[in-house]
Amino acid sequence: GAQKVVPGPIATEPKKEDKTVEFFRHLYKTRTTSIAGASKDVHPAVLALGLQMSNYTICGSCARLVATLQAFKRVIESYTTPPQNSLSRHLTSHVLSPQIEYLSSCRPLSISMGNAIRWLKLEVSKVDVSVPDAEAKKGLCDAIDVFIRERVTFADQVIARSAADKIKNGDVIMTYAKSSIVQRALVTAHEEGKKFRVIIVDSRPLHEGKHLAAALVKIGMDVKYCLINGLSHNIQDVTKVLLGAHAMMSNGRLFSRIGTALVAMEANEADKPVIVLCETIKFTERVALDSIVHNEIAPSDELVIPGGPLENWGDIKKLQLCNPMYDVTPADYIQMIVTESGNVPPTSVPVLHRLGNESQG
Amino acid sequence: MPSLQAGYAPNLGIFLKSLKTAPLESSIENLISLLKRRQIRNSRPCAIATAHLLLQVVAKFRWTDIGNLLERIQEVGQRLVEAQPREMVVGNIVRRVLGMIRDEAKEDRTEDASDSTSTSQLGSPRRERSESGSFRTEGGATSSSPLRFVSTDASTLSEASGDDVFGGRSQPTSRPPLLTSHTSYAVLNGVPVQQSMFNLLSATPTPSSTPPHTSSPHGKSTISASSLAQRIVITTRDLKAEVISGIEEIIDELDQVDDQIAAYAQEHIHSNEVILIHSSSLSVQKFLLKAAEKRRFTVIVAESYPNDHEATHAAVTGKVSPDVEGDEMSTETFLKPLSAAGITVILMTDATIFAIMSRVNKVILATHAVIANGGLIAAAGARIIAKAAKVHRTPVIVVSGVYKLSPEYPFEFESLIEYGDPGNIIGYGEGALVDHLEVDNPVYDYVPPDLVDLYITNLGAHAPSYLYRIVADHYKPEDINFHKPELQF
């Protein structure tokens, strides 16, 4: 986590060279990495959360979603409607918006966060003007709890249960980087006494898979760890590929940590089933054809290895570093999506997304 | 090792310097241990070291006939190959030297037997000779009739050009048993063909080796016996000089190969293209620099973590990282980074390959070794790049010197893959993990030929399916298994 975007050597250059990569230029956003300059409206809980998100302490679509909603609960609890205002009109625009803005400046909001925030705004707008403040606030907090429980906690249990059932004795499961839900499925299967191996593929710069490997090794699982260069050497041994998701696009494509598409591609070439574990809260009506139109660009300095030749890369003209966070996996590589509403093919993503929204509405 | 200077890690430069002064046997041992300890590694340094060592072997070895020399080189070559079997160039260079010696010897003999028909020329080597060489010239020698020799030679030559499409060597009509020889290179590889035995034996002047049905073991032996002593005196010196200059030619080729490849660059890279390259390679860098003289384009560099990333980072920044470039320092001039040549360079991690591939126009891969079937061994990760390129219908170009082209054709490609230090992935500091986690760190990938669209070598651009033919031009079939005596007759 060394993201010194602004005060780096680039900024001190007299004529600042544009270090952004042309293909991704529309995606660059400077990240807030300190609370300096944050709006005074931002709640302390949100301030802390923003920093945790920007340095990947809280990482992963669901973890960020839950943490955000918990922080917003604190915001709502400490909120009092000013006189001559109603909660349903004031809360969203004057209190929640600065929080959201701050959070997204720390790290762009995940799609699941976007979904949840949209839901929360809807909930707020539905609060009756006549309801007293305390009651309305309690109602909202309860609604948030229910939302987290239904869409994340229970959903995770159902998905982990269902995915664990798919793991058989003797299986070799490959997964990429770290997904909390995949971890949960693997642990569940292991606790049931199933004998299987896990191959974790990982990549720079986040090395999230290492944390997963550490967690699995700790409970005595048989784990092999390799980086993406070892992918094609290990794919033949694999029987199933379990992947986590950042989001599922409406055209059936999987939006997930950069490198996932390579794993799915290799698995597809080797005829291994690719199973995506994804809560419906991560479904979106957006579509994506490639990984460039919609993505998140992390600070390039995260790629610099301390002490390596890349230090001061900013001084070298025409050299650019690019560190996108996600890629888009074509729908044909995905055999099944395990959700809390059942196991579906990628083509059913828009249907489930609609169902999910209707039941909320 | 007497010649190693204290305080310096031995590398190619120090080895080459020590060659001149150190006794031969200790030089051989020195190179073997350098190879074993990976202090000389990667294709080019290994090739250069091998060629220089063989030069010393030839220069210092006192030999009376060519067979002795061949045996000596085979023996040295075998030891080098055993020291580091996955540096396939070592074997390639040994094979080339062996083939060159055989050619020189043959030429020599031809000149002796029928001096009127000397078609020899030093300048334009192997191809022609390998076509018209071997047993046919011997046929001329045994019958000791220049006329007949000329005629067979002419006929086989014309045949050769006709046969080229099939990739086969011309088959001599005059010798029925040889018809069992190959038409395809692949056959040759696993099973040493009869022809190879004839050639092998024909190179040594032992009379019993002559095939049974030919005119005369006796005829030949009388010729040899009468002229042998005299010939050795006259020709050994010449032959030695020619062999040495032949090896020097190979060394020159190693020096120039990248520039020769680069000469094709502007044919293949055009303005505003986006080129994806992987890891750091001098060949590829020179290729792109050459193209940059005329055109502006963008290069995306995949860093090849965890084995080559430091070299890659050093290459894009133009810094010389001490441990990686150490080998190259003595032989390679400092190369400016691509960005200094006006090319936009984008460094990305290996994981981004699929994401970026939809914007890439061409993929250029460097190689560690190329195998006769058109597949290649390259830095780990190359295979997924090639595959992602295939998925996106992006052409994949492989840039490689001919010296990396190996006649070896293993059935199990995993045997060519080397596994590196897992400590590069999980540091030994992370005790708990290191104890319980199986960590996999392949250094090389095998990229099958169907993922490659084009090879660019110093001889030009070829389809992967044509490579076996270039192999056949460069190596003599009898030398292919020189390091495995059990596979030879």
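Since the structure is predicted, the reported quantities are computational estimates derived from the model, not experimental observations.

**Describing the overall build of chain B**
Tallying secondary structure elements over chain B gives 19 helices and 12 strands in all. A buried classification covers 60% of the 489 residues belonging to chain B. Across chain B, the fraction of contacts at a sequence separation of at least 24, relative to all contacts at a separation of at least 6, is 77%. Split by element, the accessible area of chain B, about 18,900 Å² in all, is 55% carbon and sulfur.

**Regarding the overall build of chain A**
Across its full length, chain A carries 11 helices and 11 strands. Residues classed as buried in chain A amount to 59% of the 361 residues present. In chain A, 78% of the contacts between residues at least 6 apart in sequence involve partners at least 24 apart. Surface exposure of chain A reaches about 14,600 Å², of which carbon and sulfur atoms provide 53%.

**Some remarks on the sheet that holds strand E10 (residues 336-339) of chain A**
Read across the sheet, 8 strands follow the order E11(A)-E10(A)-E7(A)-E4(A)-E1(A)-E2(A)-E3(A)-E9(B) without closing on themselves; strand pairing throughout is mixed. A strand with exactly one partner marks an edge of an open sheet, and here the two such strands are strand E11 (342-344) of chain A together with strand E9 (438-440) of chain B. Put simply, the sheet's adjacent strands are angled 25 degrees from each other on average, direction ignored. Examined bridge by bridge, strand E7 (residues 274-277) of chain A and E10 of chain A share 3 bridges and lie parallel to one another. When the sheet's bridge partners are listed, Leu277 of chain A is paired in E10 of chain A with Val338 of chain A. Its contacts with the sheet put helix H6 (residues 133-166) of chain A on strand E4 (240-243), E7, E10 and E11 of chain A, and the angle it makes with E10 of chain A is roughly 140 degrees.

**Here we look at the confidence of the model for chain A**
Residue-level pLDDT values for chain A average 88, and 94% of them are 70 or greater. Within the model, pLDDT remains below 50 along residues 1-13 of chain A, and this stretch shows 19 contacts once partners closer than five positions in the same chain are excluded.

**Things to note about the interface of chain B and chain A**
Chain B puts 54 residues into the contact, and the matching count from chain A is 53 residues. When chain B packs against chain A, close to 4,400 Å² is buried across both sides, 67% of that on carbon and sulfur atoms. Where chain B meets chain A, there are 6 salt bridges. Among the ionic pairs, Asp440 of chain B bridges to Lys224 of chain A, the shortest N-O distance being 3.8 Å. Our enumeration of links across chain B and chain A arrives at 18 residue pairs in polar contact (both at pLDDT 80 or more). At the level of secondary structure, the elements contributing two or more residues to the side of chain B that touches chain A comprise helix H14 (309-317), strand E3 (344-348), helix H16 (353-357), helix H17 (382-391), helix H18 (431-436), E9 and strand E10 (444-447) of chain B.

**Description of the sheet that holds strand E1 (residues 274-278) of chain B**
Strand order in the open sheet formed by 8 strands is E8(A)-E3(B)-E2(B)-E1(B)-E4(B)-E7(B)-E11(B)-E12(B), with mixed pairing between adjacent strands. Looking along the sheet, the strands with just one partner apiece sit at the ends: strand E8 (319-321) of chain A together with strand E12 (460-462) of chain B. Here the average twist between neighbouring strands, direction ignored, is 25 degrees. Where strand E7 (residues 396-399) of chain B lies against strand E11 (residues 454-457) of chain B, 3 bridges are found, and the strand directions are parallel.

**Re the environment of Lys318 of chain A**
Looking at the element boundaries, Lys318 of chain A is found in the loop between E7 and E8. Given the relative accessible area of 31%, Lys318 of chain A is considered partly exposed. C-alpha separation for the pair Lys318 of chain A and Asp18 of chain A, spaced 300 residues apart in sequence, amounts to 8.8 Å. Here the side chain of Lys318 of chain A touches Gly342 of chain B through a polar contact of 3.5 Å, landing on its backbone oxygen.

**A few points about the pairing of E7 of chain A**
Residues and elements named next belong to chain A. Side chains Val274 and Val276 of E7 all project onto a buried face; the interleaved residues Ile275 and Leu277 project onto the opposite face, where all are buried too. Relative to E7, E4 runs parallel, the two being bridged by 3 bridges. Bridging from a neighbouring strand, Leu242 pairs with Ile275 of E7.

**Quick word on the pattern of salt bridges**
Residues and elements named next belong to chain B. Summed over all chains, the structure comprises 37 salt bridges over all chains. Its salt-bridge partner being Arg72, residue Glu25 comes within 3.8 Å of it at the nearest N-O pair. Residue Glu25 is located in helix H2 (residues 24-36), and its partner Arg72 is located in helix H4 (residues 66-83); the two are separated by 47 residues in the primary sequence. On the accessibility criterion, Glu25 (37% relative accessible area) is partly exposed. The residue Arg96 makes a salt bridge to Glu253 at a minimum N-O spacing of 2.4 Å.

**A word on the side chain of Thr81 of chain A**
Residue and element names in this part refer to chain A. When you line up the elements, Thr81 lands in the loop between helix H3 (61-77) and helix H4 (87-106). Thr81 gets classed as buried once you look at its relative accessible area, which sits at 19%. Reaching out from Thr81, the side chain makes a polar contact with the side chain of Asp133 at a distance of 2.5 Å. Apart from the residues lying within four places of it in its own chain, the contact partners of Thr81 are Ser86, Leu87 and Asp133.

**Considering the confidence of the model for chain B**
For chain B, per-residue confidence averages 74 on the pLDDT scale, and residues scoring 70 or more make up 68% of the total. Contacts from residues 321-333 of chain B, a stretch scored under 50 in pLDDT, to residues over four places away or in other chains number 22 contacts.

**Structural notes on the UniProt feature "transmembrane region" (unreviewed entry) in chain B**
Here, the residues flagged by UniProt with the feature "transmembrane region" (unreviewed entry) are residues 363-386 of chain B. Annotated as 21% helix and 46% strand, the span residues 363-386 of chain B places its first and last C-alpha atoms 8 Å apart.

**Some thoughts on the state of the cysteines**
Residues and elements named next belong to chain A. Applying the stated criterion to the full structure yields 0 disulfides over all chains. Free cysteine: Cys62, not disulfide-bonded; nearest cysteine sulfur from Cys278 at 8.1 Å. Note on Cys278: relative accessible area 0%, which makes it buried.

**A closer look at helix H13 (residues 282-292) of chain B**
In terms of burial, H13 of chain B is largely enclosed, as 10 of its 11 residues are buried. Those residues of H13 of chain B lying buried are Leu282, Ser283, Val284, Gln285, Lys286, Phe287, Leu288, Leu289, Ala291 and Ala292 of chain B.

**Here's the deal with unusual backbone geometry**
A cis amide bond, omega -10 degrees, links Arg204 of chain A with the succeeding residue Pro205 of chain A. Positionally, Pro205 of chain A belongs in the loop between strand E2 (197-202) and helix H8 (208-218). The residue after Tyr305 of chain B, namely Pro306 of chain B, is reached through a cis peptide bond having omega 5 degrees. Mapped onto the elements of the fold, Pro306 of chain B is located in the loop between strand E2 (298-302) and H14. For Asp271 of chain A, which is not a glycine, the phi torsion comes out positive at approximately 60 degrees. Within the secondary structure, Asp271 of chain A sits in the loop between helix H10 (260-269) and E7. With a phi close to 70 degrees, Lys318 of chain A is a non-glycine residue in the positive phi region.

**A closer look at H4 of chain B**
For H4 of chain B, spanning 18 residues, the distance from its first C-alpha to its last is 26 Å, which sits close to the expected 26 Å at 1.5 Å a residue. For H4 of chain B, the set of buried residues is Ile66, Gly67, Leu69, Leu70, Arg72, Ile73, Gln74, Val76, Gly77, Leu80, Val81 and Ala83 of chain B.

**Some words on the nonpolar core**
Ile73, Leu288 and Ile364 of chain B are the most contacted members of the largest nonpolar core, which totals 81 residues. It is helix H3 (residues 43-60) of chain B that provides the largest number of residues to this core, a total of 10 residues. Not counting the four nearest positions on each side in its chain, Ile364 of chain B is found in contact with Ile269, Ile275, Leu276, Ile277, His278, Val284, Phe287, Leu288, Ile397 and Val399 of chain B. Residues Ile297 of chain A together with Ile356, Ala382 and Ile470 of chain B belong to the second largest nonpolar core, which totals 78 residues.

**Comments concerning the pairing of E7 of chain B**
All names here are of chain B. The side-chain alternation of E7 yields two buried faces, one formed by Val396 and Val398 and the other by Ile397 and Val399. Where strand E4 (residues 362-366) lies against E7, 4 bridges are found, and the strand directions are parallel. Bridging from a neighbouring strand, Val363 pairs with Val396 of E7.

The rules we used
Residues numbered from 1 in each chain as written. Chains lettered and ligands numbered in written order. Predicted model: local features only at pLDDT ≥ 70, side-chain atom pairs only at ≥ 80, totals over all residues. Heavy atoms only, no water. Helix = DSSP H or I, 4+ residues; strand = E, 2+ residues; numbered from the N terminus. Buried < 20%, exposed > 50% of the residue type's maximum accessible area, 1.4 Å probe, protein only. Contact = heavy atoms within 4.5 Å. Areas by Shrake-Rupley, 256 points an atom, 1.4 Å probe, with all protein chains shown as cover. Pairing = 2+ DSSP bridges. Axes fitted to C-alpha atoms, helices over the stretch in contact; angles between N-to-C directions. pLDDT = per-residue confidence, 0-100. Buried area = accessible area lost by both parts, 1.4 Å probe. Salt bridge = Lys/Arg side-chain N within 4 Å of Asp/Glu carboxyl O. Polar contact = N/O pair within 3.5 Å; in protein donor to acceptor, adjacent residues only side chain to side chain. UniProt positions renumbered as here; feature names shortened; annotations may be inferred. Disulfide = S-S within 2.5 Å. Expected span 1.5 Å × (residues − 1). Core = buried A, V, L, I, M, F, W, Y, C linked by side-chain atoms within 4.5 Å.

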